[in-house]
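# Secondary and tertiary structure notes
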Amino acid sequence: MRRVVCPGSFDPVTNGHLDIIGRASGLYDEVVVAVLINITKKSLFSVDERVEMLGEVTASYGNVRVERFHGLLVDFCAANGISAVVKGLRAVSDFEYEMQMAQMNYRLAKIETLFMTSNPLYSFLSSSLIKEIAKYGGDVSGLVPEVVRGQLQTRLNEAEI
Ligand code: PNS
């Protein structure tokens, strides 16, 4: 079984994430999407909500599993029989930090990292920008899955009450 992990915060999942997950699912027997549990970082959606949205939008691939993890990614990989990480690169500016993490993960546990260049349609996308645009009433359709767009609206309406 050739298994790969797509790790991240996914607060929330965007069409850019989904593009990388979908392409990885065509290359590997199984893709494990791993949502980082980070209690120190303020998030818009809870880990449960993020996992649920990811499960919904990746269900059609058939070989994508969504999990949560805390601690080191290399420990999650060891516990799940995973030897490689897939990451999307949107721009050269992503590369510096990603390369550092890739080299550290290899140094720590010989975990390989494979970089996929993001689809140019989504290379300007980030979860933080999506949250900001949605917060001020901007249109995020086509940038996030419809279920995520709905959840964003609900969460931001709740915040206004
Ligand atoms: O979507 P993000 O927040 O950019 O994802 C970052 C993530 C989760 C991939 C990265 O922070 C991570 O792997 N965290 C787990 C902790 C860890 O292993 N740190 C050492 C990295 S070399």
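Described below are features of the structure shown in this document.

Cut-offs applied
- Residues numbered from 1 in each chain as written.
- Predicted model: local features only at pLDDT ≥ 70, side-chain atom pairs only at ≥ 80, totals over all residues.
- Heavy atoms only, no water.
- Near = heavy atom within 4 Å.
- Polar contact = N/O pair within 3.5 Å; in protein donor to acceptor, adjacent residues only side chain to side chain.
- Areas by Shrake-Rupley, 256 points an atom, 1.4 Å probe, with all protein chains shown as cover.
- Helix = DSSP H or I, 4+ residues; strand = E, 2+ residues; numbered from the N terminus.
- Nonpolar A, V, L, I, M, F, W, Y, C, P; charged D, E, K, R; others polar.
- Axes fitted to C-alpha atoms, helices over the stretch in contact; angles between N-to-C directions.
- Parallel < 35°, antiparallel > 145°, perpendicular 65-115°, else oblique.
- Contact = heavy atoms within 4.5 Å.
- Disulfide = S-S within 2.5 Å.
- Buried < 20%, exposed > 50% of the residue type's maximum accessible area, 1.4 Å probe, protein only.

Now for the site of the ligand. Taken together, 13 residues lie around the ligand, and Gly8, Ser9, Gly71, Leu72 and Leu73 are the ones closest in. Within the side chain of Ser9, an N or O atom sits 2.6 Å from an oxygen atom of the ligand. At 2.9 Å, a backbone N or O of Leu73 approaches an oxygen atom of the ligand. Against a free-state accessible area of 560 Å², the protein chains account for coverage of 72% of the ligand. At the level of elements, β1 (3–8) and α4 (92–109) are the ones that each hand at least two residues to the shell around the ligand. A class-by-class count of the residues in the shell around the ligand yields seven nonpolar, four polar and two charged.

The next thing to look at is the packing of helix α2 (residues 47–58) against helix α6 (residues 146–160). One way to put it is that α2 packs onto α6 with a least axis distance of 10 Å and a crossing angle of 155°. Classified by the angle between their axes, α2 and α6 sit roughly antiparallel to one another. Taken together, the residues of α6 that come into contact with α2 (itself represented by Glu49, Met53, Glu56 and Val57) are Val147, Val148, Gln151 and Arg155. The residue inventory of the contact of α2 with α6, partitioned by class, reads four nonpolar, one polar and three charged.

What follows is about the state of the cysteines. Across all of its chains, the model carries zero disulfides by this definition. Unpaired in terms of disulfides, Cys6 finds its nearest cysteine sulfur in Cys77, a separation of 11 Å. For Cys77, a relative accessible area of 0% gives the class buried.

These figures come from the coordinates and say nothing about function on their own.
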